[in-house]
Amino acid sequence: MNRVCIVGVGSPSGDDQAGWLTVDALLDLGIRSGDGVVIEKLDRPGSALIPLLRSTAWLIVVDAMQGEGEAGQIQRFDETGWPHYGHGLSSHGLGVIDALMLAGELGSLPPRLDLYGIEIAGTTPGSSPGRAIRAAATRLAAMISDQLASGFSIPPGTQPGYG
Amino acid sequence: MTESLRSVSIHVPVLARVEGEGALDLRIDNGEIAELRLRIFEPPRFFEKFLEGHLYSEIPDMVARICGICPVAYQATAAQALEKLFGVELDPWARDMRRVFYCGEWIQSHSLHIHLLAAPDFFGCSNAIELARIAPEEVRRGLRIQALGNELMDLFGARSVHPVGVRIGGFHAAPALSRIKEMRDKLRAALPEAEALVRWAARIPVPQDDQGFVSVAMRHPDGYAIEQGRIGVSDGARIEAEAFDDHFAEHHEPFSTALFCTYHKRPYLVGPLARLNLNHAQLPEAIKALLAETGLELPSRNLFHSLAARAVEILLALHEALRLLENYRPPDSPWVPVTPRAGVAIGCTEAPRGLLWHRYEMDDDGRVVSARIVPPTSQNQGRIEEDLRLSLLNFGLDQPDDALRLHCEKVIRNYDPCISCATHFLRMRVART
């Protein structure tokens, strides 16, 4: 029940690879799936995100976002401040926030959840991600790696659940 | 009386949270439906054109990209068509495992639609998150079943989204017996959950509707048709896949980028309820007994029974996968060699949403000269419009605008159209005259 799960969400469309690039950068830093750590790249997982929360104490999700900031800007959200979004970023019905909200209703969220958004610009299918996105992914991976190195603790009395 | 003669225009400009883009226009003049159009305005994807010039060996992986929810259907149909043309006799192992693979897709796709897309409508919820608030155990169960379907697809496809396991002549690889044993245990454990799902789905209060419609689904003498068979019609016709164009015709409507398909110029139904209507006698005895217990009578003329039909097919798919994996032994080779030849390849299977028909013209080298794919949604499009008309008349055109809009949405979602990976319309504009 003390697993750390790191998920990079993305698609092959330009800057939408931000989450995948972050996972690549973490792998370059030597973070690997193994004892107590699961690290995965997912392509718009929808509700398939929820089973991953089983036995997870700390979930780190990195996804592309389109907000007010400049491309490459990183934002961290905790459970009290998940971003609201309109339709248009995900062509599938259940986006990452929807899946996390559904998990919340089912009492399946882990004790710690860090959601990172990397501001993106272009999402042309088949295009390469921009330089700012690559740099942001590298920065974010270093930050996550530092946090993993310093460890974490589960707040007393909170145990992750999964139905 | 005055109320029934009102004029209403309901325009839903964007079907939100959809896989694809569509809209609904409804105009009621003097108490009668003057206009009703399900508009699909997503730009054409030209997928059939992309396939031209590609080798037969590339086709299964390419067509899997057509749909993120039902890639197995596209792979299995293309493989069936090309194997028929090339005179390939599949190893019995590969034939059985294609059906198991397909069962995984039915399980995940149906469970997704029931719990995340359709069921909220019948509980007064605007989405699955709200449904989870009032029926958490049922939603958890649905997610578990969906995950199991994905796992079954992953077992044979190497991944559940756009799997890559199928090749012309069989599969690229065979799962080890140890993995199959684990899967069998999971399938067995899921049976009581799926039975509970059927009971729950059959108890959901749905609108009472009674419509006459033509059901079209594949039929096979050896069992409930999924990955092989002939096309059956509720009027008694039996049609070989090769004779599709003698009975079915696609046409273009100016307001839609998806083609409309008709059966002798009439709209028709494909999908779980059409299959169940035609093939319910071939369900395993245990499922027949469960159906009798629920009181769901077949054939049904109420399209709102589609949700229960999906639940029944989940249970069937679990039974089938278990049966076919019971004596599993890895084969000497998961595929047989293939020699391409020129000609026309035609295939037909039952995608989760209904009949899927492929036609490929191939050259001597095994490259695609031309391709044509008729997906379930284009076949159901005319039926959806017909259903909306009949269902709205039954519901009452004098109902408040919001109720009319919600009813239209329910009817459309009920078909699980492929343009709709999702549930609810984003905006509605109502104008009265």
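Look a little higher up for the structure.
Summarised in this report is the structure supplied together with it. (Residues numbered from 1 in each chain as written. Chains lettered and ligands numbered in written order. Predicted model: local features only at pLDDT ≥ 70, side-chain atom pairs only at ≥ 80, totals over all residues. Heavy atoms only, no water.)

This part covers the overall build of chain A. Per the secondary structure count, chain A includes three helices and five strands. For chain A, the N- to C-terminal ordering of α and β elements is β-α-β-β-β-α-β-α. Nonlocal contacts in chain A, meaning residues at least 24 apart in sequence, comprise 82% of its contacts between residues at least 6 apart. When the accessible surface of chain A is summed, it comes to about 7,400 Å², and 50% of that surface belongs to carbon and sulfur atoms. (Helix = DSSP H or I, 4+ residues; strand = E, 2+ residues; numbered from the N terminus. Contact = heavy atoms within 4.5 Å. Areas by Shrake-Rupley, 256 points an atom, 1.4 Å probe, with all protein chains shown as cover.)

Further remarks concern the packing of aromatic side chains. Note on aromatic pairs: each is described by the distance of the centres and the angle between the planes. All names here are of chain B. Under the definition given, this model contains 14 aromatic pairs over all chains. With a centroid separation of 5.8 Å and an interplanar angle of 70°, the aromatic rings of Phe101 and Phe171 are classed as edge-to-face. Of this pair, Phe101 sits in helix 4 (residues 92-122) while Phe171 is found in strand 5 (residues 170-171), placing the two residues 70 residues apart along the sequence. You can call Phe171 buried: its relative accessible area is 0%. Positioned above the aromatic ring of Phe171 is the side chain of Arg98, whose terminal nitrogen or guanidinium carbon lies 5.8 Å from the ring centre. Looking at Arg167, its charged tip hangs above the ring of Trp335, at a distance of 3.8 Å from the centre. (Phe/Tyr/Trp six-rings, centres within 6.5 Å; stacked < 30°, edge-to-face > 60°. Buried < 20%, exposed > 50% of the residue type's maximum accessible area, 1.4 Å probe, protein only. Lys NZ or Arg CZ within 6 Å of the ring centre and 35° of its normal.)

This part takes up the sheet that holds strand 5 (residues 112-119) of chain A. All names here are of chain A. Here five strands make up an open sheet; going across it, the order is 2-1-3-5-4 and the pairing mixed. One side of each edge strand has no neighbouring strand; the edge strands of this open sheet are strand 2 (37-42) and strand 4 (74-77). For this sheet, the mean inter-axis angle between neighbouring strands, taken without regard to orientation, is 15°. Relative to strand 5, strand 4 runs antiparallel, the two sharing four bridges. Within strand 5, the position partnered with Phe77 by the bridge is Leu115. (Pairing = 2+ DSSP bridges. Axes fitted to C-alpha atoms, helices over the stretch in contact; angles between N-to-C directions.)

Here we take up the pairing of strand 13 (residues 368-374) of chain B. Residues and elements named next belong to chain B. Where strand 12 (residues 354-362) lies against strand 13, six bridges are found, and the strand directions are antiparallel. Bridge pairing in strand 13 places Trp357 opposite Val374. A loop of five residues connects strand 12 with strand 13, the two strands running antiparallel in sequence, and Gly366 in this loop sits at a positive phi of about 85°.

Residues and elements named next belong to chain B. Residue placement: Arg188 occurs in helix 7 (residues 177-203). For the pair Arg188 and Leu318, spaced 130 residues apart in sequence, the C-alpha to C-alpha distance is 8.0 Å. In this structure, Arg188 is in contact with Leu322 and Glu326, ignoring residues within four places of it in sequence. Separated by 3.3 Å, the side chains of Arg188 and Asp185 make a polar contact. (Polar contact = N/O pair within 3.5 Å; in protein donor to acceptor, adjacent residues only side chain to side chain.)

Attention now moves to the layout of surface pockets. It is the rolling of a water-molecule-sized probe over the atoms that shows where space remains empty. All names here are of chain B. Approximately 460 Å³ is the volume attributed to the second largest pocket. What lines the second largest pocket is a set of 19 residues, and nearest its centre among them are Gln80, Glu83, Leu90, Glu227 and Gln228. Counting only elements with at least two residues in the lining of the second largest pocket, the list comes to helix 3 (71-85), helix 4 and strand 11 (343-351). Tallied by class, residues from the lining of the second largest pocket come to five nonpolar, five polar and nine charged. (1 Å grid on protein atoms, 1.4 Å probe; cavity = no way out; pocket = protein on both sides within 12 Å on 5 of 7 lines; lining within 4 Å. Points joined across faces, edges and corners; volume = space filled by probe spheres on them. Nonpolar A, V, L, I, M, F, W, Y, C, P; charged D, E, K, R; others polar.)

A few words now on the side chain of B:Ser378. Residues and elements named next belong to chain B. The topology assignment puts Ser378 in helix 12 (residues 376-395). For Ser378, a relative accessible area of 4% puts it in the buried group. Each residue touching Ser378, except ones within four places of it in the same chain, is listed here: Glu250, Leu259, Phe260 and Cys261.

Another aspect to go through is the pattern of salt bridges. Any two side chains of opposite charge can pair, so long as their charged atoms come close to each other. All names here are of chain B. Evaluated as defined, the whole model comprises 33 salt bridges over all chains. In this structure, Arg99 engages Glu227 in a salt bridge whose closest nitrogen and oxygen atoms are separated by 2.9 Å. Linking Arg99 in helix 4 with Glu227 in the loop between strand 6 (216-219) and strand 7 (230-233), this pair joins segments that are 128 residues apart in sequence. This pair shows no difference in class: Arg99 is buried, exactly as Glu227 is. We note a salt bridge from Arg323 to Glu320, for which the minimum N-O separation is 2.8 Å. Taken together, the residues span about one helical turn, with Arg323 and Glu320 both in helix 11 (residues 306-325) at a distance of three residues. A relative accessible area of 9% means that Glu320 is categorised as buried. The network of salt bridges with shared partners includes Arg27, Asp29, Glu35 and Arg37. (Salt bridge = Lys/Arg side-chain N within 4 Å of Asp/Glu carboxyl O.)

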